Amino acid sequence: MTQPEPGRSQPSPAPGRAPVVRCDNLVHVYGTPGSEVAALRGVDLTVRPGEMVALLGPSGAGKTTLLWHLAGLLRPTAGRVEINGRRLTDLGAGALARFRLAEVGLLLQNPARNLLPYQSALGNLLFTQAPARRSVTARRTRSMELLDRVGLAGAAHRRAGRLSGGEQQRLALAVALANEPGLLLADEPTTQ
C-alpha cells in the first residue's frame, strides 16, 4: 500500500456515503467435487453511491456470475456480498425477492429473458410494477414515461416478442428501471 505524500492527507470517506455494493473475498465454484470450476476467486469490490463501474474481461471470466451474486440470484461458495449494508446471505428466499423488487434493477445479457414475449411493451412494465403495490394509474403513468424515455412510446401496444432486438433491449432497460431501483446491474447492455 502506498503512503500519502508528505503534507497531503488521504481523503476520508464522506459521511453518509456508505458503499452501495461491497464484496469481500467473494468466491464462487461451479460443479461437483472432481469437476469444479472457480468462476470467482477472492473478489473484493466496493461501489459507492453515484459511481458507475464497468466489468471488463474475456468470456468466462466471471462477470455474469458476479452480477448474479450482486442481484442475490446466487449464493457464494465463500466470502461476503452486501448491498446497501445488508448481507445477502442473511436473507431468506422471500426477503431476497423483496430486495430485488425494491432495490435492484437487473438487465440480463439476453434482453428477451427480461420480458414476457406475449405481453405488450406496456403490459411488461405494468406487470413488473404490480408487486410494488402502486395504483394502476401510477403504474401506467410510470410505464408510459419509461417507454417515452427509451424511445418506445409508439410501440406501447406491440407484443415484446414482435420487437426488434434493439427495441427489446430498450424495453428490458425500462423494465429494469420500472420500480426505481437504487442499483442497476446490466450484463452486456449494448449487445443489441
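Let me sum up the structure you'll find in this document. (Residues numbered from 1 in each chain as written. Predicted model: local features only at pLDDT ≥ 70, side-chain atom pairs only at ≥ 80, totals over all residues. Heavy atoms only, no water.)

### Here's the deal with the overall build of the protein
The number of helices and strands found in the protein is five helices and six strands. When the elements of the protein are put in sequence order from the N terminus, they spell out β-β-α-β-β-α-β-α-α-α-β. If you line up the protein on its principal axes, its C-alpha atoms span 60 × 50 × 30 Å. Classification of the 192 residues of the protein by burial places 36% in the buried group. Summarising the internal contacts of the protein: among those between residues at least 6 apart in sequence, 61% fall at separations of at least 24. Across the protein, 23 positive and 14 negative side-chain charges occur, with their mean positions spaced 7 Å apart. (Helix = DSSP H or I, 4+ residues; strand = E, 2+ residues; numbered from the N terminus. Buried < 20%, exposed > 50% of the residue type's maximum accessible area, 1.4 Å probe, protein only. Contact = heavy atoms within 4.5 Å. Lys, Arg positive; Asp, Glu negative; His and termini not counted. Charge placed at Lys NZ, Arg CZ, Asp CG, Glu CD.)

### Quick word on the pattern of salt bridges
Scanning the entire structure with this criterion turns up seven salt bridges. Between R142 and E145 there is a salt bridge, and its shortest N-O distance comes to 3.0 Å. Residue R142 and its partner E145 are located together in helix α4 (residues 136–149), separated by three residues, close to a single helical turn. One connected set of salt bridges, linked through shared partners, spans R22, D24, R80 and E82. (Salt bridge = Lys/Arg side-chain N within 4 Å of Asp/Glu carboxyl O.)

### Describing the side chain of T128
Following the sequence through the fold, T128 ends up in helix α3 (residues 121–129). Contacts of T128, omitting those with residues within four sequence positions, involve L101, V175, A178 and N179.

### Some remarks on empty space enclosed by the protein
Under the counting rule described, the total for this entry stands at one cavity of 30 Å³ or more. If you add up the space inside the largest cavity, you get close to 40 Å³. Around the largest cavity, the lining residues are H69, G72, L74, R75, P76, V81, L88, T89 and L96. Split by residue class, the lining of the largest cavity holds five nonpolar, three polar and one charged. (1 Å grid on protein atoms, 1.4 Å probe; cavity = no way out; pocket = protein on both sides within 12 Å on 5 of 7 lines; lining within 4 Å. Points joined across faces, edges and corners; volume = space filled by probe spheres on them. Nonpolar A, V, L, I, M, F, W, Y, C, P; charged D, E, K, R; others polar.)

### Some points on the sheet that holds strand β1 (residues 21–32)
Taken in spatial order, the four strands line up as β2-β1-β3-β4 in an open sheet, and their pairing is antiparallel. Because the sheet does not close on itself, it has two edges, and the strands there are β2 (35–47) and β4 (86–87). Two elements, β1 and strand β3 (residues 78–83), share five bridges in a ladder whose sense is antiparallel. Note that in β3 the partner of V27 across the bridge is A78. The strands touched by helix α1 (residues 63–70) are β1, β2 and β3; relative to β1, the strand with the most contacts, the crossing angle is about 120 degrees. (Pairing = 2+ DSSP bridges. Axes fitted to C-alpha atoms, helices over the stretch in contact; angles between N-to-C directions.)

### Observations regarding the nonpolar core
One finds V21, C23, L70, I83 and L185 to be the most contacted residues of the largest nonpolar core, which totals 22 residues. Of all the elements in the fold, those that place two or more residues in this core are β1, β2, α1, β3, α2 (93–103), β5 (104–107) and β6 (183–186). In this structure, L107, V150, A160 and A174 belong to the second largest nonpolar core, which totals 19 residues. (Core = buried A, V, L, I, M, F, W, Y, C linked by side-chain atoms within 4.5 Å.)

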